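# Coordinate inspection notes
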Amino acid sequence: MELFKYKEPINFMGWSRRFGLLSLTLVLLSWGLIFFKGFDYGIDFAGGTLIQLRYDGKAPLEKIREDLHKNKAFENATVTFFGSEDEVVIRTKSSSKSVGKDVGDEVRQMLKDTGKFEVRRVDMVGPAVGNELKEKGLMATILAIIGILIYVSVRFEWRFALASVVALVHDVSIAMGALVLFHIEVNLDILAAILTLLGYSLNDTIIVFDRIREGIRTIKDPDLAGIINESVTRTLSRTVLTSLTTFFVVWTLDFFGGEIIHGFAFTLMIGIIVGTYSSIFIASPLLMWLGFDVKGFRAKMAEKLKREKEKEKMRAMYEQGTL
């Protein structure tokens, strides 16, 4: 299905420098936010205790804070609404060692005069476990990028692989910068979203690269920029349709899923937008900037085709008994 039809290829590469400067600015700003402001780690990585309560009516935040601060284990606890005014989340850096085994019963006892409520969730993670999860999450992301680099190198050519990895780093950097900017807690759900983003962005880039590689074989234009413009224009309809449908699904998750899935969905929404943009304006121009040689690639393809034909000829002669 063609969403857009064009008589002439769109000059994407003519805008590549402008968008390259924009992307560099966004990545540097994202790194600045990450290094100078830092992530707001959830209890999965920072360790601590999280208790979610649901009241029959509006939760009395001030009364809850006052009663909690009377207990030494909860004196530094933060209390915030969770999606609606009848649900609250209590966060404290104390682990199970300091707050006791049954945190739910202790909270019920401390807050019994704040109104009628139920304890919906209690999560506890020790500092050592949080650090281990953080290290393993970082290692999983690095191994995923290395695996992608190897896969694309084998399937395409090293310039394609390097361009795809740079685009992935670009996408992840901006997505993580947005997490810092909008104060989204980084937890295991966010890590899952980042790994999902790597796969989605790579898939989009591979499809564009496949069309460019096909264009190098079939389009007579000797200029790489012209080949990229025509190839990206041909795949633009598919790219836009896929991105829009995926975006609306993730937006629906965010809108109807509530606060508990907001971080995951928000990360994916940012990633879909940035990933679609980078496949066209980052990964593709990098092939030119890395000095990709169209003539050399065509010569290699012709030599490979010649060897395949010789092998087929030798096989046919062997089967006919003439070899």
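The preceding data block contains the structure.
Since we're looking at a predicted model, the values are computed, not measured.

The next thing to look at is a nonpolar patch on the surface. On the surface, a nonpolar cluster with roughly 690 Å² of combined accessible area is contributed by Leu 138, Met 139, Ile 142, Leu 143, Ile 146, Ile 150 and Val 154. Residue position: Ile 142 is located in helix H6 (residues 127-155). The class for Ile 142 is partly exposed, based on a relative accessible area of 39%.

A word on the environment of Arg 18. Position of Arg 18 among the secondary structure elements: in helix H1 (residues 16-37). Separated by 191 residues in the primary sequence, Arg 18 and Phe 209 have C-alpha atoms spaced 21 Å apart.

Turning next to the packing of aromatic side chains. On inspection of all chains with the given rule, the structure shows 11 aromatic pairs. Each ring, one from Phe 182 and one from Phe 266, has its centre 5.4 Å from the other, and the planes form 70 degrees; the classification is edge-to-face. Here the residue Phe 182 occupies a position in the loop between helix H7 (158-181) and strand E6 (185-186), and Phe 266 occupies one in helix H10 (residues 262-289), the gap between them amounting to 84 residues. Under the relative-accessibility criterion, Phe 182 is labelled partly exposed at 49%. Overall, Phe 266 belongs to the buried group, its relative accessible area being 13%. Through pairs of rings, three or more aromatic residues link up here, namely Phe 12, Trp 15, Phe 19, Tyr 277 and Phe 281.

Moving on, we come to the packing of H7 against H10. Their axes nearest at 8 Å, the elements H7 and H10 cross at an angle of 150 degrees. In this structure, H7 crosses over H10, and the sense of that crossing is right-handed. Residue-level inspection shows Arg 159, Phe 160, Ala 163, Val 166, Ala 167, His 170, Asp 171, Ile 174, Ala 175, Ala 178 and Leu 179 of H7 in contact with H10, the latter providing Phe 266, Thr 267, Ile 270, Val 274, Gly 275, Tyr 277, Ser 278, Ile 282, Ala 283, Leu 286 and Leu 287. In terms of residue class, the contact of H7 with H10 is made up of 16 nonpolar, four polar and two charged.

We now examine the side chain of Ser 279. Position of Ser 279 among the secondary structure elements: in helix H10. Ser 279 gets classed as buried once you look at its relative accessible area, which sits at 0%. Each residue touching Ser 279, except ones within four places of it in the same chain, is listed here: Ser 201, Asp 204, Thr 205, Val 208 and Ser 284.

This part covers helix H5 (residues 103-110). Listed as buried for H5 are Val 103, Gly 104, Val 107 and Met 110. Buried positions in H5, seen along its axis, are confined to an arc of 130 degrees and lie on one side of it.

Let's shift gears to the packing of H1 against H10. Two elements in contact, H1 and H10, have axes whose closest approach is 10 Å; the angle formed by their N-to-C orientations is 115 degrees. Taken together, H1 and H10 sit at an angle that is classed as roughly perpendicular. Read as a crossing pair, H1 and H10 show a hand that is left-handed. Where H1 approaches H10, its residues Ser 16, Arg 17, Phe 19, Leu 22 and Ser 23 are matched on the opposing element by Tyr 277, Phe 281, Ile 282, Pro 285, Met 288 and Trp 289. Split into classes, the residues belonging to the contact of H1 with H10 amount to eight nonpolar, two polar and one charged.

Alignment of strand E2 (residues 48-55) against strand E4 (residues 84-92), held across six bridges, turns out to be antiparallel. Along E4, the bridge assignment pairs Arg 54 with Glu 87. Relative to E4, strand E3 (residues 78-82) runs antiparallel, the two being bridged by five bridges. Directly across from Phe 81, in E4, lies its bridge partner Val 88. Counting the residues between successive antiparallel strands, the hairpin from E3 to E4 contains one residue, one of them, Gly 83, with a positive phi of roughly 85 degrees.

Core analysis: the biggest nonpolar cluster contains 50 residues, and Phe 12, Val 152, Phe 209, Leu 287 and Phe 292 have the highest contact counts within it. Going through the elements one at a time, H6, H7, helix H8 (188-218), helix H9 (224-257), H10 and helix H11 (294-320) are the ones with two or more residues in this core. At 11 residues, the largest contribution of residues to this core is made by H8. Those residues in contact with Phe 209 that sit more than four places away from it in its chain are Phe 156, Phe 160, Ala 163, Ser 164, Ala 283, Ser 284 and Leu 287.

Cut-offs used in this document
Residues numbered from 1 in each chain as written. Predicted model: local features only at pLDDT ≥ 70, side-chain atom pairs only at ≥ 80, totals over all residues. Heavy atoms only, no water. Patch = residues over 30% accessible without salt bridge, like charges linked within 9 Å, V, L, I, M, F, W, Y side chains within 5 Å. Areas by Shrake-Rupley, 256 points an atom, 1.4 Å probe, with all protein chains shown as cover. Salt bridge = Lys/Arg side-chain N within 4 Å of Asp/Glu carboxyl O. Helix = DSSP H or I, 4+ residues; strand = E, 2+ residues; numbered from the N terminus. Buried < 20%, exposed > 50% of the residue type's maximum accessible area, 1.4 Å probe, protein only. Phe/Tyr/Trp six-rings, centres within 6.5 Å; stacked < 30°, edge-to-face > 60°. Axes fitted to C-alpha atoms, helices over the stretch in contact; angles between N-to-C directions. Left-handed = near helix turned anticlockwise from the far one by under 90°. Contact = heavy atoms within 4.5 Å. Nonpolar A, V, L, I, M, F, W, Y, C, P; charged D, E, K, R; others polar. Arc of directions from axis to C-beta. Parallel < 35°, antiparallel > 145°, perpendicular 65-115°, else oblique. Pairing = 2+ DSSP bridges. Core = buried A, V, L, I, M, F, W, Y, C linked by side-chain atoms within 4.5 Å.

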